[in-house]
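# Fold and geometry: a report
One letter stands for each residue in the lines below.
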Amino acid sequence: MRKNVSKSARRLSLSALVAAATGSLLMMAAPLTAQAQAPIVIKFSHVVAPDTPKGKGAQRFKELAEQRTAGKVKVELYPNSQLYKDKEELEALQLGSVQMLAPSLAKFGPLGAKEFEVFDLPFIFKDDAAFRAVTDGAVGAELFKKLEPKGIKGLAYWDNGFHIMSANKPLHTVADFKGMKMRIQSSKVLDAQMRALGAIPQVMAFSELYQALQSGVVDGTEGVPSNFYTQRIYEVQKHITLSNHGHLAYAVIVNKKFWDGLPADIRSQLEGAMKDSTTYANAIASAENATALDKIKAAGKTTIYTPTAAELNEWKKALIPVHKEMESRVGKATIEATYKAAGFSLPK
């Protein structure tokens, strides 16, 4: 009898141990399964409003990326400098604090990729087609290669049209700029541009611009209509000049280590999503800026001025020498390759 009881007890003990071990294994496996099923998170940070061409392009990428990866990727959007300001965001990307950005092309000069400042040269692009001939060709690809040693992978160029000028006084002639404190992005080319006009350049984060204009810390700025409207710049600037002297564009970039570490199928799906969202963002930029300008006009707070041909020629005469001045910084070869792709020739 004791033998039978002993055997039964042993069987029960063994069963209990097996059950306990199995339970423990299941409990250990559960977090691993959950972890395996957790989506890959891409934090996409930028400094403008959601209802701008850049903001809408980012939203389209989010939708396409999540759809095409069947939820394996989750894109978190952080517009309006919610996470980082202009000067902070590139360092955050390199550290892996965010995975994706869409900074303006002027931001790469301070990072050491000075060749990107070719895009800041005044009057270098006659139209959007000239700009895209540069970004979609060999020049654009070569510039993206400059970012890779810095831990950054370039994915796409997003266009946002032509720069206009604003101030609390009319800016019609070069003489009107004398002594004006004009906000610029951190670009030596833009610095030289404002100095050539007789203005005093002031580097400032985009998120701080409205308050700086309102308080008089700076007198004026350059930018595109969609940003002027969404950031309410027109409320604190009495005059806008449709100079079209510069071109604003962004590079969608990603942390290279993060990108290279993605599964090949996921990376391919994201590349497709980026390609299609780029087509979308570029297509809406012109219409969005035109609509924004109409809304600024309708608000009635700002006088909008179109320069005469003679006035623009005066601007060009003052600004084109900046091209030669910046050869030592941007690189003569880069400037000449951009000229060729854009169909630009120096006035004689």
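A brief look at the structure comes next. None of the values given here were measured: they were computed from a predicted structure. (Residues numbered from 1 in each chain as written. Predicted model: local features only at pLDDT ≥ 70, side-chain atom pairs only at ≥ 80, totals over all residues. Heavy atoms only, no water.)

### Focus on the sheet that holds strand 8 (residues 220-223)
Here is the rule: Here, strands pair whenever DSSP counts at least two bridges between them. Strands here mean DSSP runs of E at least two residues long; helices mean DSSP runs of H or I at least four residues long; both are numbered from the N terminus. Each axis is a line fitted through C-alpha atoms, taken for helices only over the stretch in contact, and angles between the N-to-C directions span 0 to 180 degrees.
Taken in spatial order, the 6 strands of this open sheet run 7-6-8-5-9-11, and their pairing is mixed. Looking at strand neighbours, the two that pair on one side only are strand 7 (200-203) and strand 11 (303-305), the edges of this open sheet. The average angle at which neighbouring strand axes cross in this sheet is 25°, direction not considered. Bridge count for strand 6 (residues 181-184) against strand 8 is 2 bridges, and the pairing is parallel. Within strand 8, the position partnered with methionine 182 by the bridge is glycine 220.

### Brief notes about the pairing of strand 2 (residues 73-78)
To keep it simple, the criterion reads: For crossovers, right-handed means that the path from the first strand over the helix to the second runs clockwise, given strands pointing away from the viewer.
In this sheet, strand 2 lies alongside strand 1 (residues 40-45) in parallel orientation, the contact comprising 6 bridges. Looking across to strand 2, one finds that serine 45 is bridged to tyrosine 78. Crossover strand 1 to strand 2 through helix 2 (residues 53-68) is right-handed.

### Some points on the pattern of salt bridges
In plain terms, the rule: Put simply, a salt bridge is a Lys or Arg side-chain nitrogen that is within 4 Å of an Asp or Glu carboxyl oxygen. Here the term buried applies to any residue with accessible area under 20% of the maximum for its type, exposed to any over 50%, and partly exposed to those in between, with areas from a 1.4 Å probe on protein chains only.
Taken as a whole and assessed by the stated rule, the structure comprises 16 salt bridges. With a shortest N-O distance of 3.8 Å, glutamate 115 and lysine 146 are connected by a salt bridge. Residue glutamate 115 is located in the loop between strand 3 (100-101) and helix 4 (128-135), and its partner lysine 146 is located in the loop between helix 5 (138-145) and strand 4 (152-162); the two are separated by 31 residues in the primary sequence. Aspartate 159 is paired through a salt bridge with arginine 132; the nearest N and O atoms lie 3.1 Å apart. Here the residue aspartate 159 occupies a position in strand 4, and arginine 132 occupies one in helix 4, the gap between them amounting to 27 residues. Since its relative accessible area comes to 26%, arginine 132 is described here as partly exposed.

### Structural notes on the pairing of strand 4
Moving residue by residue along a regular strand, the side chains alternate between the two faces of the sheet. The element strand 4 is largely enclosed, with a buried count of 9 among its 11 residues. Alignment of strand 4 against strand 10 (residues 247-255), held across 8 bridges, turns out to be antiparallel. If you follow glycine 154 over to strand 10, its bridge partner there is isoleucine 253.

### Concerning helix 11 (residues 309-319)
Note the following rule: Relevant arc is that of directions from the helix axis to the C-beta atoms, nothing else.
Of all the positions in helix 11, only Glu311, Trp315 and Leu319 are classed as buried. Each buried residue of helix 11 sits inside an arc of 65° when the element is viewed along its axis, so together they form one side. Turned more than 90 degrees away from the buried face of helix 11, the exposed residues are Ala309, Ala310, Asn313 and Lys317.

### Section: the packing of helix 4 against helix 14 (residues 332-342)
As a reminder of what qualifies: Between 65 and 115 degrees an angle is taken as roughly perpendicular, under 35 as roughly parallel, over 145 as roughly antiparallel, and anywhere else as oblique. Handedness of each helix crossing follows the sense of rotation of the near helix against the far helix: counterclockwise by less than a right angle gives left-handed, clockwise gives right-handed. It only takes one pair of heavy atoms within 4.5 Å for two residues to be counted as in contact. Residue type decides the class: Asp, Glu, Lys and Arg count as charged, Ala, Val, Leu, Ile, Met, Phe, Trp, Tyr, Cys and Pro as nonpolar, and the leftover types, Gly among them, as polar.
Orientation of helix 4 relative to helix 14, taken along the N-to-C sense of each, is 130°, at an axis distance of 8 Å. In terms of orientation, helix 4 lies oblique with respect to helix 14. Along this stretch, helix 4 crosses helix 14, giving a crossing that reads as right-handed. Across the interface between the two elements, Ala130, Ala133 and Val134 from helix 4 touch Thr338, Ala341 and Ala342 from helix 14. Of the residues in the contact of helix 4 with helix 14, the class split is 5 nonpolar, 1 polar and no charged.

### Structural notes on helix 14
Among all positions in helix 14, only Thr334, Ile335, Thr338, Tyr339 and Ala342 are buried. Seen along its axis, helix 14 keeps its buried residues to an arc of 140°; they face one direction. For helix 14, exposure combined with an orientation more than 90 degrees from the buried face picks out Ala333 and Lys340. Glycine 343, located one to two residues past helix 14, shows a positive phi value of around 70°.

### Details of the sheet that holds strand 2
Strand order in the open sheet formed by 5 strands is 2-1-3-10-4, with mixed pairing between adjacent strands. In the strand order of this sheet, the two ends are held by strand 2 and strand 4, each with one partner. Taken together, the 2 bridges between strand 1 and strand 3 define a ladder with parallel strand orientation. Of the residues in strand 3, the one forming a bridge with phenylalanine 44 is methionine 100. Along the sheet, helix 5 contacts strand 4 and strand 10; its crossing angle with strand 4, the most-contacted strand, is approximately 130°.

### Looking at the nonpolar core
Test applied: Definition of nonpolar core: a set of buried residues of the types Ala, Val, Leu, Ile, Met, Phe, Trp, Tyr and Cys, connected through side-chain atoms within 4.5 Å.
Formed by 53 residues in total, the largest nonpolar core has its most connected members in Leu105, Phe108, Phe116, Phe119, Phe125 and Ile253. When residues no more than four places from it in sequence are discounted, the contact partners of phenylalanine 125 are Phe119, Ala130, Phe131, Val134, Phe162, His247, Thr338 and Ala342. Counting 24 residues, the second largest nonpolar core, distinct from the first, contains Ile42, Leu64, Met100 and Trp158.

### A short note on the packing of helix 2 against helix 10 (residues 264-299)
Where helix 2 contacts helix 10, the two axes come as close as 8 Å, and the packing angle between them is 155°. By the angle between their axes, helix 2 is roughly antiparallel relative to helix 10. The chirality of how helix 2 crosses helix 10 is right-handed. Every residue of helix 10 that contacts helix 2 at Pro53, Lys56, Gly57, Arg60, Phe61, Leu64, Ala65 and Arg68 is listed here: Gln269, Leu270, Gly272, Ala273, Met274, Asp276, Ser277, Tyr280, Ala281, Ile284, Ala285 and Glu288.

### Observations regarding the environment of glycine 198
Along the chain, the position of glycine 198 falls in the loop between helix 6 (188-196) and strand 7. For glycine 198, a relative accessible area of 33% corresponds to the partly exposed category. Sequence-wise, glycine 198 and alanine 175 are 23 residues apart; in three dimensions their C-alpha atoms are separated by 7.4 Å. When sequence neighbours within four positions are dropped, the list of residues in contact with glycine 198 reads Phe177, Lys178 and Gly179.

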